[in-house]
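Structural overview
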Amino acid sequence: MPMMNPSRQFASLPLTTSRVTLRTLAGAAAIACVAALTAPVAHAAGDNGYPNKPIRLIVPYAAGGSTDIIGRLLAQKMGDNMKVSVVVDNKPGANGTIGCDLVAKSPADGYTIILGDVGCMAMAPGLYTKLPYNPLKDFSVVSLVGRSPLVLTVGSKSPLNSLSDLTAAAKSAPAKLNFPSSGTGGPNHLGAELYAMQADVKVTHVPYKGSAPSVVSLVSGETDFGFLTAVTINSQLKAGNVKALAVAHSERLSGMPDVPTMSEQGLKGFTADAWFMAAVPAGTPQPIVDRLYKEIAKALPDAEVKAKFDSAGVLPSGLDPKASTAFLSDEINKWRAVIKKGNITLD
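Residues numbered from 1 in each chain as written. Predicted model: local features only at pLDDT ≥ 70, side-chain atom pairs only at ≥ 80, totals over all residues. Heavy atoms only, no water.

**Points about the environment of P207**
The condition is simple: Helix and strand assignments come from DSSP, with helices taken as H or I runs of at least 4 residues and strands as E runs of at least 2, each series counted from the N terminus. Here's how the labels work: a residue is buried when its accessible area is under 20% of the maximum for its type, exposed when over 50%, partly exposed in between, all with a 1.4 Å probe on protein chains only. Residue contacts follow a heavy-atom distance rule, with two residues in contact if any of their heavy atoms lie within 4.5 Å.
Among the structural elements, P207 can be located in strand β6 (residues 204-207). Among the residues examined, P207 registers a relative accessible area of 44% and is labelled partly exposed. C-alpha of P207 to C-alpha of F179: the two residues are 28 residues apart in sequence and 8.3 Å apart in space. Setting aside its immediate chain neighbours within four residues, P207 contacts S181 and T184.

**Some words on the nonpolar core**
Formally: Take the buried residues of types Ala, Val, Leu, Ile, Met, Phe, Trp, Tyr and Cys, join any two whose side-chain atoms come within 4.5 Å, and each joined set is a nonpolar core.
Membership of the largest hydrophobic core comes to 54 residues, with the highest contact counts inside it found for Y195, F225 and M262. Listed by contribution, the elements that provide at least two residues to this core are α4 (97-104), α5 (118-127), β4 (139-155), α6 (163-172), α7 (187-199), β8 (242-247), β9 (273-281) and α12 (321-342). Beyond its immediate stretch of four places on either side in the chain, F225 contacts L152, T153, V154, L166, L177, N178, F179, P180, A192, Y195, V203 and L218. Ranked by size, the runner-up nonpolar core spans 31 residues in total, among them L74, V88, V142 and V289.

**Observations concerning unusual backbone geometry**
Look at the link from Y50 to P51: it is a cis peptide, with omega at -5°. Checked against the element boundaries, P51 lands in the loop between α2 (15-44) and β1 (55-59). For A175, which is not a glycine, the phi torsion comes out positive at approximately 70°. A175 sits in the partly exposed class, given a relative accessible area of 40%. The backbone of D200 shows a phi angle near 60°, a positive value even though the residue is not glycine. Tracing the backbone shows D200 in the loop between α7 and β6. Classification of D200 as exposed rests on a relative accessible area of 61%.

**Observations concerning the pairing of β8**
This is how the line gets drawn: Two strands are counted as paired when DSSP detects at least two bridges linking them.
Most of β8 is tucked away, with 6 of its 6 residues classed as buried. Bridge count between β4 and β8: 5 bridges; the pairing is antiparallel. Looking at the pairing, T153 lines up with A244 of β8.

In short, the description is geometric, and any link to function would need to be established separately.
As structure tokens, this is what we get:
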């Protein structure tokens, strides 16, 4: 059948019909062009509708602790801002490594996040010879959320009143002075080991089951000194039962403006923090990592978040993914060296 000339075909239509048809075709073409132009933009942004279902935030410790408090606060703010539920799921066990391993082996789609800490992210690689995950290879770091500096603390009746007093006493009686921790291989333990190595002294570790007994041991004089977080000693400090001698951070804490840093008292560059870091499984698309970082950075300046961070003795950080990854690498190397020199293991 011979093809009809398009111009004759349109010519055979009534004038009004031709105009309507042509106008419709032109409109459809314009819509198609707009769709074609916008589709690549959405794809380039890595949006793909993320997030379009609930996000699970894994806290690798039991409910009620600092990591849990911070995790629930972030989950609420991020959920409100992203218009999606962010559900906190506590997966405690093995010093946080069970929760970390769960996330490392989860789909890399941005719907499973870990809020890890210095223990399971930076200390565990040196403490366990068969750790089932590699923090630098199995995660895409989103952000260093906050840091809780350790505070050199003694009982109120202690004759020690400064870092130099402690170091002098430790040098005069090697291995006689002791310190508590909430468990072998944790920040309290390794923070004190780092001090002993840098000050070149010998001290004795006394592990307890939890932070509370550690503080009680200092108050009673059962132990001589300790490196504990501000939130752990806060109530006893206000009650006058303990003394804060130094802060293991690069600058003084606003809540303890009269307490000098370790660096100010002679141990230059000494820092030991109980920090918190958000990460997702390795291979998560970078646009999703960037979106999560943006939401965390947006949440941290919130007045409610700042107030609760202050009450928990946490300094907001909000480092971007690249800087946070570099920080993690440095921390792993730092604590691995301490663990090796101290011959400490949890295997």
